[in-house]
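Results of the structural survey
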Amino acid sequence: MRRFAGSFDEKKRKFDIKLVFWLLSYVKEMKLLMGVAVIFLLLGAMLPIALPEVIQRAFDIYIPQGDIHGLFVIAGILLGINAALFFIQYLQVYIMTFLGQRIMYNLRLDIFSHIMRLPKRFFDKNPIGRIMTRVTSDVEALAELLQSGLVLIISESIMLVGILVFLLFKNWVLTLVTLLGTIPLLLLGMTVFRKKITVIYREMRSLVARINAFLQESIVGMDIIQLFNRQKRDMKRFQSLNESYYKTTIRALIVNGTFFPFISFLSIFAKAFIIWFGGVQILKMQLTTGQLAAFLIFIEMFFKPLRELSQSYNIFQAAMAASEKITSIMDEPESVVYSVRNGFTGPLDGTIEFCNVWFAYDEENWVLKDVSFKIEKGETVAIVGQTGSGKTTIINLIGRFYDIQKGKILVDGVDIKEWDISALRRKMGIVLQDVFLFSGNVRENISLYNEEISLDEIREIVRFVNADKFIDKLPEKYETLIMERGKALSVGQRQLLSFARTLTYRPAVLILDEATANIDSETEKYIQEATLRMTEGRTAIIIAHRLATIKHAHRIMVIHRGELREAGTHDELIRRKGIYYDLYQLQYKDQESPGA
Amino acid sequence: MWKYIKKYKLLFFISLLALLLVDFSQLLIPRIIGQIYDTLGEEGSFRFFLISGLKIAGLGLSVFAFRFFWRIFLIRMSRKVERDIRENLFYRLLTFSQHFFGKWNTGDLMARAINDINHIQRMFSFGIVSIFDAVVMGLMTLGFMLSYDVKFTLIAVSPLSLLTFVVLYFEKRIHRLSLLVQNRFSRLSTFVQEDFSGNFVLKSLNREEEEKNRFASVSRDYLDKNVRLGRIQALLHASITFIIAISNVLVIYVGGKNVINGITSKGDLIAFLSYLNMMVWPMIAIGFAINIHQRGRASLERVEELTGYKPVITDPPNPFLPEKKPETLSVEVRDLTFSFGEGAPILENVSLSIAPGETVGLIGRIGSGKSTLVKLLSRLLKTGDDTIFFNGVDINRYKLNDLRALISYVPQEPFLFSTTIRENVAYYDTSLDDEAVMEALRKADLSGTIEEMPAGLDTSLGERGVNLSGGQKQRMTIARAILKDAPFFIFDDSFSSIDTDTEERILTSLAPLFENKSVLIIAHRISTLRYADRIVVLDEGRIVEEGTHQELLEARGAYYDIFNRQKLEEKLGRE
Ligand SMILES: Nc1ncnc2c1ncn2[C@@H]1O[C@H](COP(=O)(O)OP(=O)(O)OP(=O)(O)O)[C@@H](O)[C@H]1O
Ligand SMILES: Nc1ncnc2c1ncn2[C@@H]1O[C@H](COP(=O)(O)OP(=O)(O)OP(=O)(O)O)[C@@H](O)[C@H]1O
Ligand SMILES: [Mg+2]
Ligand SMILES: [Mg+2]
């Protein structure tokens, strides 16, 4: 895991060097291939220089001598060199592609696994579409730099220096004069260019992310958009995003469109300059015509890599903008749960204790206030309370998805902060309130791609939660694709599957957060019986609004506005005539006299 | 392709003209330099060099200007095309129904809207330039060569005919591989979209490592396809260079022999070779052109697969136009049968009516087709003609917007957008003032919660409303429907995450509102159905019972069983 060091600030550009180092850390792994690619590229550039020499021989020696055999040999040699060039060129491009793709692969993997380890809080705040961009488009924006740019920059720079030295040897006066006439202009052009283009590219990356986020949300919520006749307004919003993107690309275009022709103008300008300057020198008899002609050809050789480099410079700037975005997400600290070293690894027994726990999602808005309780191993505890009272929050804390501000949470007597996170969560089976299924088939959604879990085992669990009835009716049974988020299933069916999924891993602590809210009472009855068997000897925490759901609980805790108000058995609570009693009365009364 | 350019003909042709002028100016420069050599032997004067230098500088300026122009015009055009295609894509998406979205992955659609359109944009800019360069420069050079020596030209061109095969061979492969690469990118995007959306679940299932491995294999696949594409591209470029080289060698050999035999002069051969050299760039440009073009075409196909998709649910050709928005709505379902595609029917012979002012409760096992029925009512799914009537008119005859304006729908899964609470609640009509919004929230029993939030109505919600509790989300969607205030209200299991106490408060506060509305409430809890005038029991897509609570209890059928079970459980719970 490579982390981008140093604090990251969107506005300052002095971190360029750091970005480059960060990218280079990925290149380093590939340095061997990189070297090979550069050598091939240089070979590919040098070998053609030999060609005129060979052709020269044909014209200077064999043709005047009328040696047809010699001519044939020359043709053979030429063909040979070209064949070699063919392989060199092929391999060079191939290696460069492989290299670039390989680096992108490593990068993607790192970004992905880093993002997956960011705290839940991060996902609460950032749109999925935008986060996705970091792994998809932003990495893709590096492709050009990694695939050809990098190798090109290295080899063209080498070539540039080589040619410069060569030119200095040939005619240092002309060389220096040309350089003096053009380099300052070149540098000036590059500085202005960089200043303008980096801002624009950065903006482009942000816009792509915003378009992505907007698309993501619109696609996912399309039925709501349509039901509320929002199409026109959303179209407008998309148009304006798309239009800003367009305008930004046009700004980039104008900068680029000035810069590149400027470079080729410089090369022509240099030629004109040399002709004038050289001409004067010829008149002064300080230079021969042949020398001037040769020099003109060489100067072209000098500008070719320079032009290539200026192209790469643009690619480089675009890549920097993407790297900036990527590193800014790489800078987000991973969830602290992963940094526990030599954590307690259990096995999880199932005692859970809250000691004066205070918790807020933001700053000071306490969602849990001084909550204390202890759940013994093997106990089934129900949590009830009004909506928004903090029940799900308690679950979030037991799984350590957030860290508390005050107090202590002990699991098996060990502070939750000292637990090895995977040991803790592995044996903790949580059925979340918000069901989430994956787009695979039914079997994969239950086993979660774990090959070790056999179909028989899956069948058993499915029967356990009474989901076999509907699965058997699906067109391809366990192989039926259930689509994104399981949208080809009814909501209740989804809930059953997510229930089954949790049971598959035979958790030591079972936590059900409204796990049967969307399930009819007949099916629920089966599930309850199953859960009862499941939870025997295990700790279970059940949250439910339907009091019937919690009838098997040993103990009931009533949460009210973030405080634990009542706790005890059903009878104790009824006798107390407190909040629970009211809740119970209400539901019970409804059963007796419906249609009020 | 032309259909996209058509709109920007002017830009397109101007840019082609500029390109032509660039090529032309560039051809002129060697001529002037040639002139210098020619005159050098004679009298070179100070003035002559100055003028030649100035001429070249002038040409340089014009190359600069025309290069600038073609870029500005052509790339601008391609960016406009890009913008149009993306806009059109989104526009089309807005018209697709759940029949479409049920089959497509979000990540895939996103990949097409961003990544594929990028490739298309390249096709419309650099793709066009390469083709143009290849053709114009190629033809110009060919012209020079022909005017110089026909025989040599034929010799030179003969290997170039190989090019045709090369082009054909590579075109097909690059196209196919590009499709594969883009397809794998879609998979990557889908994977990432899914894993980031389900991040919380994955964490709770302790799957970070496994997902990383799965992601590795998905990106590995993408890498492999890319490398395969890269290899074929490498082969293409190398082959083209090699073909030109063969042509060069051939001319040297045959031409050399001719020189030896005194047929041609050495000078002519050298000059011809220099022309042949000018052929290199157009040939390489062909390689680029094939590459960019095929990638772009593959992407265009993928995008057109979407834009060309015919929406299943559309406005009718001769819509029924109500004079004014009806105040009340009578709903009638007649003998409705529905199935997804070829599958078994989800709903069979369902008949149901809801009169204005009536509240109908719908109960039934999971997967019995309740949500499907509701989606059919709101035309999120397609229903046959003469099956569902609003105020006596077939719903297929309404314009979609008119129809949906009649329905306030609370979906089973609460979906909220990542904007402020105000915008989410006043989603139908953003012009409503805070008072109206708060009133709706009060009815949904949320006003207290909102008032406690530091930012109140301006509180920003996370995507899907992640920073709310389950019940809060559900009530938010109820408030949203209340504000829409249509004559027909649908609650699809909308109280499942709400405690009975709150539920009672909400339904009581809604009673006056419902006075002349048609209301359909779907629920699993009998307690939720207590406000229904009539209750319908659905089982495996059929209506098995219908009547008031009392009637159904007396009938001792399915409803009675449900009632007893829930009651029994309550009793059990008490013991
Ligand atoms: N991710 C979050 N960020 C900020 N606030 C949150 C977040 N999740 C929940 N809250 C707030 O914390 C409070 C308690 O929410 P919680 O989800 O624990 O309620 P709950 O008891 O489970 O309610 P319900 O029965 O509706 O599910 C609510 O006011 C909610 O708005
Ligand atoms: N897009 C789809 N493609 C194929 N089958 C589907 C699709 N959506 C739903 N189904 C199937 O149609 C049946 C009815 O689903 P529906 O969502 O209407 O049930 P429901 O009565 O609302 O159940 P619940 O109480 O669980 O919400 C289910 O068996 C489900 O598997
Ligand atoms: Mg909750
Ligand atoms: Mg449903």
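As a reminder, the structure under discussion sits directly above these lines.
Residues numbered from 1 in each chain as written. Chains lettered and ligands numbered in written order. Predicted model: local features only at pLDDT ≥ 70, side-chain atom pairs only at ≥ 80, totals over all residues. Heavy atoms only, no water.

1. Quick look at the overall build of chain B
Selection criterion: For the purposes of this entry, the term helix denotes a DSSP run of H or I that reaches at least four residues, the term strand denotes a run of E that reaches at least two, and both are numbered from the N terminus. Here's how the labels work: a residue is buried when its accessible area is under 20% of the maximum for its type, exposed when over 50%, partly exposed in between, all with a 1.4 Å probe on protein chains only. Note on definitions: a residue-residue contact is assigned when non-hydrogen atoms from the two residues lie within 4.5 Å. Accessible surface area values rest on a Shrake-Rupley calculation with a 1.4 Å probe, where residue burial reflects the displayed protein chains alone.
When its secondary structure is counted, chain B shows 20 helices and 10 strands. Overall, chain B is about 120 × 55 × 45 Å in size when its C-alpha atoms are taken along their principal axes. Taking all 575 residues of chain B together, 59% fall into the buried category. Summarising the internal contacts of chain B: among those between residues at least 6 apart in sequence, 76% fall at separations of at least 24. Accessible surface for chain B amounts to roughly 22,400 Å². Of this, 56% is attributable to carbon and sulfur atoms.

2. Remarks on the sheet that holds strand β1 (residues 331–338) of chain B
All names here are of chain B. For clarity, the cut-off: DSSP bridges decide pairing: two strands pair if at least two such bridges lie between them.
With antiparallel pairing, the 4 strands of this open sheet are ordered in space as β2-β1-β4-β5. At either end of the open sheet lies a strand with only one pairing partner, and these are β2 (347–354) and β5 (393–394). Where β1 lies against β2, 5 bridges are found, and the strand directions are antiparallel. Looking at the pairing, F338 lines up with L347 of β2.

3. Comments concerning the sheet that holds strand β1 (residues 352–360) of chain A
Residue and element names in this part refer to chain A. The condition is simple: Whenever a helix is involved, its axis is fitted only over the stretch in contact; in every case the axis is a line through C-alpha atoms, and angles between N-to-C directions fall within 0 to 180 degrees.
Overall, antiparallel pairing links the 4 strands, which are arranged β2-β1-β4-β5 in an open sheet. Pairing within the sheet leaves two strands with one partner each, and these edge strands are β2 (366–375) and β5 (414–415). Relative to β2, β1 runs antiparallel, the two sharing 6 bridges. Within the sheet, the bridge partner assigned to E353 lies in β2 and is K374. Each of β1, β2 and β4 (406–411) is contacted by helix α12 (residues 391–398), which is oriented at about 115° to β1, the strand it contacts most.

4. Describing the coordination of the magnesium ion (ligand 3)
Tetrahedral coordination by four donors sets the ideal angle at the metal to 109.5 degrees; octahedral coordination by six donors sets it to 90 or 180 degrees. Residues and elements named next belong to chain A. Where we set the bar: Metal donors were taken as nitrogen, oxygen and sulfur atoms no farther than 2.8 Å from the ion, or 3.2 Å where the ion is Na, K or Ca. Water is excluded, so coordination may look unfinished.
Bound to the magnesium ion (ligand 3) on the protein side are T392 (OG1) and Q433 (OE1), at distances that span 1.8 to 2.2 Å. With T392 in helix α12 and Q433 in the loop between β6 (428–431) and α14 (442–447), the pair connects residues that are 41 residues apart, well separated along the chain. Among the residues examined, T392 registers a relative accessible area of 25% and is labelled partly exposed.

5. So, the pattern of salt bridges
Residue and element names in this part refer to chain B. Formally: Think of a salt bridge as a Lys or Arg side-chain nitrogen and an Asp or Glu carboxyl oxygen that are within 4 Å of each other.
What the rule picks out here adds up to 51 salt bridges over all chains. For the salt bridge of E82 with R79, the shortest nitrogen-to-oxygen distance reads 2.8 Å. Note that E82 and R79 are positioned in helix α3 (residues 46–95) at a spacing of 3 residues, about one turn of the helix. Considered together, E82 and R79 belong to a single accessibility category, that of buried residues. Residues E358 and R534 are paired through a salt bridge, measuring 2.8 Å at the closest nitrogen-oxygen approach.

6. Examining the site of ligand 2
The condition that has to hold: Note on definitions. A residue lies near a molecule or strand when any single heavy atom of the residue is within 4 Å of it. Each polar contact in these results corresponds to two N or O atoms within 3.5 Å; when the atoms are within protein, one needs to be able to donate a hydrogen and the other to accept it, and residues that are neighboring in sequence are counted only if both atoms are side-chain atoms.
Neighbouring ligand 2 are 18 residues; S490 and G492 of chain A together with K370, S371 and T372 of chain B lie closest to it. In this structure ligand 2 sits where residues from chains A and B come together. In this structure, G367 of chain B approaches ligand 2 through a main-chain N or O atom, which is 2.8 Å from an oxygen atom. Coverage of ligand 2 by the protein amounts to 84% of the 640 Å² it exposes when considered alone. For the shell around ligand 2, the secondary-structure elements that each account for two or more residues are α17 (491–504) of chain A together with α12 (370–377) of chain B.

7. Focus on the interface of chain B and chain A
Quick note on the threshold: Using a 1.4 Å probe, buried area is obtained as the accessible area two parts lose upon being combined, added over both of them. Gly is placed with the polar residues, together with every amino acid not listed as nonpolar (Ala, Val, Leu, Ile, Met, Phe, Trp, Tyr, Cys and Pro) or charged (Asp, Glu, Lys and Arg).
Tallying the contact residues gives 169 residues for chain B and 164 residues for chain A. Where chain B abuts chain A, roughly 16,200 Å² becomes buried across the two surfaces, and 66% of that area is made up of carbon and sulfur atoms. Our count for the chain B to chain A interface comes out at 8 salt bridges. With its nearest N and O atoms 3.2 Å apart, the salt bridge here joins E243 of chain A to R83 of chain B. For the pair chain B and chain A, the interface holds 38 residue pairs in polar contact (both at pLDDT 80 or more). It is helix α9 (residues 208–260) of chain B that provides the largest number of residues to the side of chain B that touches chain A, a total of 31 residues. Looking at side-chain class alone, the side of chain B that touches chain A contains 72 nonpolar, 49 polar and 48 charged residues.

8. Thoughts on the coordination of the magnesium ion (ligand 4)
All names here are of chain B. In the first shell of the magnesium ion (ligand 4), the protein supplies S371 (OG) and Q412 (OE1), at 1.9 to 2.1 Å from the metal. On the criterion of sequence distance, the pair formed by S371 in helix α12 and Q412 in the loop between β6 (407–410) and α14 (421–425) is long-range, its members being 41 residues apart. Here S371 and Q412 have matching classes, each one buried.

9. Quick notes on the side chain of D513 of chain A
Residues and elements named next belong to chain A. Note the threshold: In this tally, Asp and Glu contribute negative charge and Lys and Arg positive charge; neither His nor the terminal groups of the chain are included.
Mapped onto the secondary structure, D513 falls in strand β7 (residues 509–513). Notably, D513 is buried but unbridged: the nearest opposite-charge side chain belongs to K391, and the N-O separation is 6.9 Å. Aside from chain neighbours lying at most four places away, what touches D513 is T392, V431, L432, Q433 and I543.

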